[in-house]
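Take a look at the letters that make up each chain.
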Amino acid sequence: MANRTEKTAKTVKGTNPQFLVEKIIRQRIYDSMYWKEHCFALTAELVVDKGMDLRYIGGIYAGNIKPTPFLCLALKMLQIQPDKDIVLEFIQQEEFKYIRALGAMYLRLTFDSTEIYKYLEPLYNDFRKLRFMNKMGRFEAIYMDDFIDNLLREDRYCDIQLPRLQRRWALEEVDMLPPYKSLLDGDLVAMSESDEEEEEETKKEKPRLTSRRRSRSRDREREVGDRREVREREKMRERRERGDDEPGPSSCLKDRDERRKDRDRSRERDRRDRKDDERRDRKKESSSRRGADNDEDREIAEANALRAKLGLAPLER
């Protein structure tokens, strides 16, 4: 008799409200000591008193599936089915955060999609800490906005299979919900504007790259381009002097061959220059390593001289 749903209770999602909790978990709640001692003959007003005594939230824990008091009170609310005004008073509670969490869980289980978004989304602005008991029986720290976000996004939370929730964008398309507006929108806009200003300033004051290799390659390219221009000018002068302003096919072939030869020569020169640069870099690295080895030898020699004066064994490298 104590575990039956109220006669005046209405069906939720087409079924008995208590059936929203799975049978095995529901049976464990009926067999728990908290249900028998504290949830017997509770009314909507007495549930508030029990909610004030809550110190953590959670589902089931331990190997033998023990329910938390939070889960027991949630099932009791499904059994007695309090009025809508009482549930809204639960979630509007500013002083007792666990009563707000209990009301949010019951609201997510029993209300329709539009009311769930309407009443739970304002709770994103609540950043108070909550103690959450995991399945290992250990406590974790979460925040109220995380708890609300899990209720709106997850399919299963606190070991209860949550009813299907319509997507928000689908409700917005049929004008059942207004577009979501967050309190952080103004801060995000200001941050984006400041980032854009910083990017513009960095573009204006962009530093120049001063690497040796890039400067050398640019100088080589310029020198090769200058040489090619000088050669082409000399060829044009020779043609003008000879009167070959309109070259024939044989002269065009010769020019192509000369250009290819010039390209091959320029490539060979570039390769030689690169090899010379690599050799110079290797010599510098080897000299720097030798200098470092000499410094280490000096330090070891000084340390050994001092240790000899003190009568200590010399150091080995």
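Everything below is about the structure shown above.
All of the points below concern the structure found in this document. (Residues numbered from 1 in each chain as written. Predicted model: local features only at pLDDT ≥ 70, side-chain atom pairs only at ≥ 80, totals over all residues. Heavy atoms only, no water.)

### Considering the overall build of the protein chain
Of regular secondary structure, the protein chain possesses 12 helices and 7 strands. Out of the 317 residues belonging to the protein chain, those deemed buried represent 30%. The long-range fraction of contacts in the protein chain, counting pairs at least 24 apart against all pairs at least 6 apart in sequence, stands at 63%. Accessible surface, the protein chain: about 23,200 Å² in total, of which carbon and sulfur atoms supply 47%. (Helix = DSSP H or I, 4+ residues; strand = E, 2+ residues; numbered from the N terminus. Buried < 20%, exposed > 50% of the residue type's maximum accessible area, 1.4 Å probe, protein only. Contact = heavy atoms within 4.5 Å. Areas by Shrake-Rupley, 256 points an atom, 1.4 Å probe, with all protein chains shown as cover.)

### A word on the sheet that holds strand 1 (residues 57-58)
Read from one edge of the open sheet, 3 strands run 1-4-5, paired in mixed fashion. Two strands bound the open sheet, and with one partner strand each, they are strand 1 and strand 5 (139-143). The pairing of strand 4 (residues 129-133) with strand 5 spans 5 bridges and is antiparallel. Across the sheet, Met133 pairs through a bridge with Phe139, a residue of strand 5. (Pairing = 2+ DSSP bridges.)

### Description of the packing of helix 3 (residues 44-52) against helix 4 (residues 69-80)
Where helix 3 contacts helix 4, the two axes come as close as 11 Å, and the packing angle between them is 170°. Taken as axis vectors, helix 3 and helix 4 run roughly antiparallel relative to one another. Here helix 3 contributes Ala44, Val47, Lys50 and Gly51 to the contact with helix 4, which in turn contributes Leu73, Met77 and Ile80. In terms of residue class, the contact of helix 3 with helix 4 is built from 5 nonpolar, 1 polar and 1 charged. (Axes fitted to C-alpha atoms, helices over the stretch in contact; angles between N-to-C directions. Parallel < 35°, antiparallel > 145°, perpendicular 65-115°, else oblique. Nonpolar A, V, L, I, M, F, W, Y, C, P; charged D, E, K, R; others polar.)

### Quick look at unusual backbone geometry
One non-glycine residue with positive phi stands out, namely Ile65, at about 60°. Along the chain, the position of Ile65 falls in the loop between strand 2 (60-61) and strand 3 (66-67). One non-glycine residue, Asp159, lies in the positive phi region at around 60°. Within the fold, Asp159 resides in the loop between strand 6 (156-157) and strand 7 (160-161). Judged by its relative accessible area of 10%, Asp159 falls in the buried class.

### Digging into the pattern of salt bridges
With the rule as written, the count across this model stands at 12 salt bridges. In this structure, Arg100 and Glu94 form a salt bridge, with 3.1 Å as the shortest nitrogen-oxygen distance. Three or more residues joined by partner-sharing salt bridges are found here, namely Glu94, Arg100, Asp126 and Arg128. (Salt bridge = Lys/Arg side-chain N within 4 Å of Asp/Glu carboxyl O.)

### Side note on the pairing of strand 4
In this structure, strand 1 lies alongside strand 4, joined through 2 bridges in parallel fashion. In the sheet register, Gly58 faces strand 4, and the bridge partner there is Met133. If you look at the hairpin formed by strand 4 and strand 5, you'll find 5 residues sitting between the two strands, and Gly137 has a positive phi there, around 80°.

### Some points on a positive patch on the surface
A cluster of like positive charges, contributed by Arg227, Arg228, Arg256, Arg259, Arg260, Arg263, Arg267, Arg269, Arg271, Arg272, Arg274 and Lys275, occupies part of the molecular surface. Top element by residues in the positive patch is helix 12 (residues 249-310). It accounts for 10 residues. On the secondary structure map, Arg263 appears in helix 12. Overall, the relative accessible area of 45% leaves Arg263 in the partly exposed class. (Patch = residues over 30% accessible without salt bridge, like charges linked within 9 Å, V, L, I, M, F, W, Y side chains within 5 Å. Lys, Arg positive; Asp, Glu negative; His and termini not counted. Charge placed at Lys NZ, Arg CZ, Asp CG, Glu CD.)

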